Amino acid sequence: MTTAQIALITGANKGIGFETARILGSGGRTVLIGARSEELGEKAAAELAGEGIDARFVRIDVTDEAAVTAAAELIGAEHGRLDILVNNAGITSTDASDLGRSTPPSRTAVAQVRETFETNVFGFVAVTNAMLPLLRRSPAGRIVNVSSELGSLTLHSDPSAPVHRVNLLPYNASKSALNAVTVAYAKELADTTVTVVAAAPGYCATDLNGHTGPRTPAQGAAVIAAAAMGGAANGAFVAEDGPVPW
């Protein structure tokens, strides 16, 4: 088994996930490129390998429990443990390209909320539960849940906060729920070697928002990678400028 740290990043074939893999891999870690598409996942892994990074594709669909279980079994067989899990795969089922003109909650279909939660909440739980036995084998396991300031109930309750105007029911609610999930795991694992944190990359230009964000994926990934490398305490919710209120 390798002595290098092993990091799995879901949704790592593009955007913030890909850039997170690049940062972690540049530090000498083996990065597992989690993606649903074999073609896109292999392409991303090959690009990072061309930069001298030990990157390997792992097929994982966070909404498919059988695929999640198979990924965990593969990682266990090939690496014996997991040191870092970055739960990054996420979606929005409503248009997020103009955050000030989102669909009102009263006109949001229940199916859209359910679809978003399936990936952004239930998928995170499924992956965390499957990978936790491997993380427990690490001397210092880290779980980073990629959240958002849009999940902060405190900020949404403050009319002066920039996020107050962004009323994306499916996405915002899913990130608030994810924050609660983060706290729950942090409490369970408080007396173990596994640390659980939520990290907000900021409003980055990605496929999720039609590339309208002012930050680059690399800037967002720097926040995620810092949290993965030990830059936040168990149960913390952090962004580039420090702690984010729940």
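This text gives an overview of the structure that appears in the document.

What counts, and at which threshold
- Residues numbered from 1 in each chain as written.
- Predicted model: local features only at pLDDT ≥ 70, side-chain atom pairs only at ≥ 80, totals over all residues.
- Heavy atoms only, no water.
- Pairing = 2+ DSSP bridges.
- Helix = DSSP H or I, 4+ residues; strand = E, 2+ residues; numbered from the N terminus.
- Contact = heavy atoms within 4.5 Å.
- Axes fitted to C-alpha atoms, helices over the stretch in contact; angles between N-to-C directions.
- Polar contact = N/O pair within 3.5 Å; in protein donor to acceptor, adjacent residues only side chain to side chain.

**Focus on the sheet that holds strand E7 (residues 237–239)**
Sheet architecture is open: eight strands sit in the order E3-E2-E1-E4-E5-E6-E7-E8, paired in mixed fashion. Edge positions in the sheet fall to strand E3 (55–59) and strand E8 (242–243), since each has one partner strand and no second. Along the sheet, helix H1 (residues 15–26) makes contact with strand E1 (6–9), strand E2 (30–35) and strand E4 (84–87), crossing E1 at roughly 170 degrees. Helix H6 (residues 169–188) contacts strand E5 (142–146), strand E6 (195–199) and E7 of the sheet and is inclined by roughly 160 degrees relative to E6.

**Things to note about the side chain of Thr20**
Following the sequence through the fold, Thr20 ends up in helix H1. Separated by 2.8 Å, the side chain of Thr20 and the backbone oxygen of Ile16 make a polar contact.

**Focus: the environment of Ala177**
Relative to the assigned elements, Ala177 resides in helix H6. Once residues within four sequence positions are removed from consideration, Ala177 is found in contact with Phe117 and Val121.

**Considerations on the environment of Ala35**
Its location among the elements puts Ala35 in strand E2. A C-alpha to C-alpha distance of 6.7 Å links Ala35 and Asp61, two positions 26 residues apart in sequence. If sequence neighbours within four positions are ignored, Ala35 has contacts with Asn13, Gly41, Phe57, Val58, Arg59 and Ile60.

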